[in-house]
Amino acid sequence: MAKVTLSQATFENLVKHLVEVEEGKSKLVEQYFPEPSKERDDFVKLIEDYIKQIDQLIRSVNKSQTAGGQVPFVTIGSEVEVQELDTQEVFTFRIVHPFHDSLMERGVSYISPVGKSLLLKKVGDEVEVNAPGGVFRYKIKSIQLPGG
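Residues numbered from 1 in each chain as written. Predicted model: local features only at pLDDT ≥ 70, side-chain atom pairs only at ≥ 80, totals over all residues. Heavy atoms only, no water.

1. A closer look at the nonpolar core
And step 1. The biggest cluster of nonpolar side chains holds 38 residues, and the ones touching the most others in it are L14, I95, Y110, L118 and L119.
And step 2. At the level of elements, β1 (4-7), α1 (8-32), α2 (38-59), β3 (79-84), β4 (90-96), α3 (113-118), β6 (126-131) and β7 (134-144) are the ones that each hand at least two residues to this core.
And step 3. Not counting residues up to four positions away in its chain, the partners in contact with I95 are V74, T75, I76, G77, S78, V80, V108, Y110, G115, L118 and L119. (Core = buried A, V, L, I, M, F, W, Y, C linked by side-chain atoms within 4.5 Å. Buried < 20%, exposed > 50% of the residue type's maximum accessible area, 1.4 Å probe, protein only. Helix = DSSP H or I, 4+ residues; strand = E, 2+ residues; numbered from the N terminus. Contact = heavy atoms within 4.5 Å.)

As structure tokens, then:
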């Protein structure tokens, strides 16, 4: 992974976040996917890939006091501005844990179709979301980690 510059606060938030995800992974898998299934296997792979990407980012980062809260890809907790490609409408989603309080206001769980589609994607990436309400196509316009 190429060197990325993050603010000290963003870096510290990501380190803390990585520890939380690693420690909570097994509980989350058991809670949402208690039985062996393809969905469980896919979720475990997603979380393991996610942990690996965050770990690589932390190991390759440059820290700066002047950098903002930008992160190079969508993380849990990040705010993602997307443009719906069919309507050109712009939305901002916050990627949250499935049990997070902000699911009601702009929060989307990372185990939802939208959350899974956005996780680990970069600015400029286009994603297709197969959701209960239909198929949606988004282009990622920006990614911010609040508090960074």
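2. Details of the sheet that holds β6
And step 1. Strand order in the open sheet formed by five strands is β5-β4-β3-β7-β6, with mixed pairing between adjacent strands. Both edges of this open sheet fall to β5 (107-109) and β6, since each of them pairs with a single strand only. If you compare each strand with its neighbour and ignore which way they point, the axes differ by 45° on average.
And step 2. Of the pairings in the sheet, the one linking β6 to β7 comprises six bridges and is antiparallel in character. Directly across from E126, in β7, lies its bridge partner K139. (Pairing = 2+ DSSP bridges. Axes fitted to C-alpha atoms, helices over the stretch in contact; angles between N-to-C directions.)

3. As for the pattern of salt bridges
And step 1. All told, the structure shown has six salt bridges when counted by the stated rule.
And step 2. Among the salt bridges present, the one from E30 reaches R40, with a minimum N-O distance of 2.6 Å. Residue E30 is located in helix α1, and its partner R40 is located in helix α2; the two are separated by ten residues in the primary sequence.
And step 3. Of the residues examined, E30 reaches a relative accessible area of 43% and is grouped as partly exposed.
And step 4. Residue class for R40 comes out buried when judged on its relative accessible area of 18%.
And step 5. D86 is the salt-bridge partner of R137, the closest N and O atoms lying 3.4 Å from each other. In this pair, R137 is assigned in strand β7 and D86 in the loop between β3 and β4, connecting sequence segments 51 residues apart. (Salt bridge = Lys/Arg side-chain N within 4 Å of Asp/Glu carboxyl O.)

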